[in-house]
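Below, each chain spelled out in residue letters.
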Amino acid sequence: ALKRILENEGYKVLIAVDGLELSKVLETTRLDMILLDVNLPWVDGYELCRLIKDHHTLKEVPLVLVSARKSKQDIQQGFDAGCNDYVTKPFDIDYMTGVINRMLLKSS
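Bear in mind the structure is a predicted one, so any value in this text is a computation, not a measurement.

Criteria and thresholds
Residues numbered from 1 in each chain as written. Predicted model: local features only at pLDDT ≥ 70, side-chain atom pairs only at ≥ 80, totals over all residues. Heavy atoms only, no water. Helix = DSSP H or I, 4+ residues; strand = E, 2+ residues; numbered from the N terminus. Rg over C-alpha atoms; globule rule 2.2 N^0.38 Å. Buried < 20%, exposed > 50% of the residue type's maximum accessible area, 1.4 Å probe, protein only. Contact = heavy atoms within 4.5 Å. Areas by Shrake-Rupley, 256 points an atom, 1.4 Å probe, with all protein chains shown as cover. Lys, Arg positive; Asp, Glu negative; His and termini not counted. Charge placed at Lys NZ, Arg CZ, Asp CG, Glu CD. 1 Å grid on protein atoms, 1.4 Å probe; cavity = no way out; pocket = protein on both sides within 12 Å on 5 of 7 lines; lining within 4 Å. Points joined across faces, edges and corners; volume = space filled by probe spheres on them. Nonpolar A, V, L, I, M, F, W, Y, C, P; charged D, E, K, R; others polar. Core = buried A, V, L, I, M, F, W, Y, C linked by side-chain atoms within 4.5 Å.

(A) Structural context of the overall build of the protein chain. Tallying secondary structure elements over the protein chain gives five helices and three strands in all. Counting from the amino terminus, the protein chain carries its helices and strands in the arrangement α-α-β-α-β-α-β-α. Taken over the C-alpha trace, the protein chain has a radius of gyration of 13 Å; the compact-globule value for 108 residues is 13 Å, and the two agree within 12%. Viewed in the frame of its principal axes, the protein chain has a C-alpha envelope of about 35 × 30 × 25 Å. Of all 108 residues assigned to the protein chain, the portion counted as buried reaches 34%. Excluding contacts between residues fewer than 6 apart, the proportion of contacts in the protein chain whose partners are at least 24 apart in sequence is 48%. Of the roughly 6800 Å² of accessible surface on the protein chain, a fraction of 52% belongs to carbon and sulfur atoms. In the protein chain, which carries 14 positive and 16 negative side-chain charges, the distance between the mean positions of the two groups comes to 1 Å.

(B) Molecular detail of the layout of surface pockets. Computed from the structure, the largest pocket encloses a volume of approximately 850 Å³. Together, 30 residues line the largest pocket, and Val13, Leu14, Met33, Ile34 and Leu35 are the ones closest to its centre. Elements represented by at least two residues in the lining of the largest pocket include exactly α1 (2-8), α2 (19-28), β1 (34-37) and α5 (93-107). Partitioning the lining of the largest pocket into residue classes produces 21 nonpolar, two polar and seven charged. Space inside the second largest pocket adds up to approximately 200 Å³. What lines the second largest pocket is a set of 14 residues, and nearest its centre among them are Leu26, Ile52, His55, Thr57 and Leu58. Sorting the residues of the lining of the second largest pocket by element identifies α2 and α3 (45-54) as the ones contributing at least two each. Broken down by element, the lining of the second largest pocket gets its largest block of residues, four residues, from α2.

(C) Spatial organisation of the nonpolar core. The biggest cluster of nonpolar side chains holds 17 residues, and the ones touching the most others in it are Ile34, Leu36, Cys49, Ile52, Leu63 and Leu65. Top element by residues in this core is α3. It accounts for four residues. Ile34 has contacts with Ile52, Val61, Pro62, Leu63 and Val64, leaving out every residue within four places of it along the chain. Ranked by size, the runner-up nonpolar core spans ten residues in total, among them Met33, Val66, Val99 and Ile100.

What follows is the structure in structure tokens.
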């Protein structure tokens, strides 16, 4: 649903279902932003966020963690991993598009 909404807003959206698929996307595509779910198979979003933010060519790409995990500890873990923002589910679509617009403006 989020993909469809963002595409209607004019964004080009690519989806990767796990870290392996994301690594293939990153090899061939320059991304302006990454929305990353925390609950992923094999490696969780926190660890994947760390790997992305430690990568020399990806560390400046805005990364927003999206998760149903909403305790203060979960959110802090996200920021400790290097995310630029953390959005909890369920989220208001206007709030999410605001976060995306703000992150893209900061990075341009």
